[in-house]
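Residue-level listing of the chains:
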Amino acid sequence: MAHQRSSQPRLSPSSYEKDIRAVLAPRLAYFEAVARHEHVTRAAQELGVPQSTLSRAMVRLEDDLGVALFARKGRTVSLTPAGRTFLGSAERALTEVEKAADSVRADADPTAGKVAFGFLHTMGSETVPALIRAFRADHPRVRFQLVQNYGEAMIERLRAGGLDLCLTSPVPDAPDLVARRLDEQRLRLVVPEDHRLATRRRIRLAEAADETFVTLEPGYGLRRITDDLCAEAGFVPRVAFEGEEAETLRGLVAAGLGVALLPPPAVARPGVVELTVTAPRAVREIGVAWLDGHPDTAPVAAFKKFLLGRRGSLLP
């Protein structure tokens with residue numbers, strides 16, 4: 001394994017930082033095995049590569065670093081001080097690679113893998129717990145990483161790779177996404193119990209044109225639907241408060257701050273009356289979305305199939 005070492009690294013100074021990971025990464029396991037055995041032949045046998053291949057790899061590694069990692073005597077080697085320093089970092093790097101491999105294999109395990117699943121705030125109290133409970137009846141060991149957020153934020157997270165699937169509304173229409181409508185939910189006009197309209201059971205939305213509204217913030221799907229329905233009814237809502245959670249809005253309605261278009265509550269709230277909107281048709285579609293062209297792990301595929309099988313019966 002004797003060789004003539006070049007006086008300079010093969011990498012130019014301008015490309016060194018950019019290319020060093022590509023140079024080192026394939027050779028770390030080779031280096032660690034030679035350092036551990038302190039013998040090239042035994043390391044080559046463990047790795048299942050020719051001794052000559054391993055020797056050349058170590059020579060190139062040292063040349064690229066510009067540092068002697070080994071003191072050599074035939075096929076027996078010992079680490080130099082620089083080699084010992086490098087070995088500690090190489091072992092930590094290889095350990096992290098092993099952990100990463102174990103983690104992704106565990107997440108993809110058909111029976112005990114992970115599903116990263118996003119859903120709307122309004123689906124958190126009943127719908128999503130019921131879905132997960134039903135799914136886990138047949139897949140008891142599958143793990144869920146749950147994210148509760150508004151629609152646009154979940155779509156951004158989906159695109160960034162942080163979610164496998166998300167339940168959202170409106171159902172997105174984008175070339176990089178696949179979305180499937182699962183169900184629809186009627187929206188009600190929620191008014192204080194002492195409101196002039198509280199004795200009504202049904203209402204045309206245009207009759208609330210002069211009311212003050214409390215709504216979700218811009219960017220929330222329900223806010224967009226509210227604005228669209230009001231526009232269809234012929235008016236722009238006068239907004240007194242913009243919030244982040246539907247039940248907060250329902251409480252503010254009870255306090256007399258305004259009226260709101262909201263989905264049905266999980267539990268009836270005192271202090272409000274909920275009116276059926278007859279015109280325009282006040283519903284929001286609920287759908288599931290995922291990134292187009294991205295392969296599913298086995299647990300994600302199973303949960304996706306489960307959700308698609310709940311078309312028309314997603315909501316309690």
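For clarity, every value in this text was computed on a predicted model and none was experimentally measured. The numbering scheme is per chain: residues are counted from 1 as the chain's sequence reads. In keeping with the predicted nature of the model, local features appear solely for residues at pLDDT of at least 70, side-chain atom pairs appear and are counted solely at 80 or more, and the whole-chain, interface and lining totals rest on all residues. Note that the side-chain values use all heavy atoms of the structure and ignore hydrogens as well as water.

1. A closer look at the overall build of the protein chain
Within the protein chain, the regular secondary structure consists of 10 helices and 13 strands. Considering only C-alpha atoms, the protein chain reaches an extent of 100 × 45 × 35 Å along its principal axes. Remark: exposure states derive from per-residue accessible area (1.4 Å probe, protein chains only) relative to the maximum for the residue type, with buried under 20%, exposed over 50%, and partly exposed in between. Taking all 316 residues of the protein chain together, 42% fall into the buried category. Whether two residues are in contact is decided by their heavy atoms, any of which lying within 4.5 Å being enough. Counting only contacts in the protein chain whose residues sit at least 6 apart along the sequence, the fraction spanning at least 24 positions is 74%. We treat Lys and Arg as the positive residues and Asp and Glu as the negative residues; His and chain ends play no part in the count. Every charge is mapped to an atom, namely NZ of Lys, CZ of Arg, CG of Asp or CD of Glu. The positive charge centre, built from 43 side chains, and the negative charge centre, built from 40, are 6 Å apart in the protein chain. A run of H or I in DSSP counts as a helix once it spans at least four residues, and a run of E counts as a strand once it spans at least two, with each numbered from the N terminus.

2. Here's the deal with the sheet that holds strand β13 (residues 283–291)
Taken in spatial order, the 5 strands make up an open sheet running β4-β3-β5-β13-β6, and their pairing is mixed. At either end of the open sheet lies a strand with only one pairing partner, and these are β4 (143–148) and β6 (177–186). On average, adjacent strands in this sheet sit at an angle of 20 degrees to one another, irrespective of strand direction. Across 9 bridges, the pairing between β6 and β13 is antiparallel. Within the sheet, the bridge partner assigned to V178 lies in β13 and is W290. Contacts between helix α7 (residues 151–159) and the sheet are confined to β3 (114–119), β4, β5 (165–168), β6 and β13, with β5 contributing the most and set at about 165 degrees to the helix. Strands pair, by our definition, only if DSSP identifies at least two bridges between them. Each axis is a line fitted through C-alpha atoms, taken for helices only over the stretch in contact, and angles between the N-to-C directions span 0 to 180 degrees.

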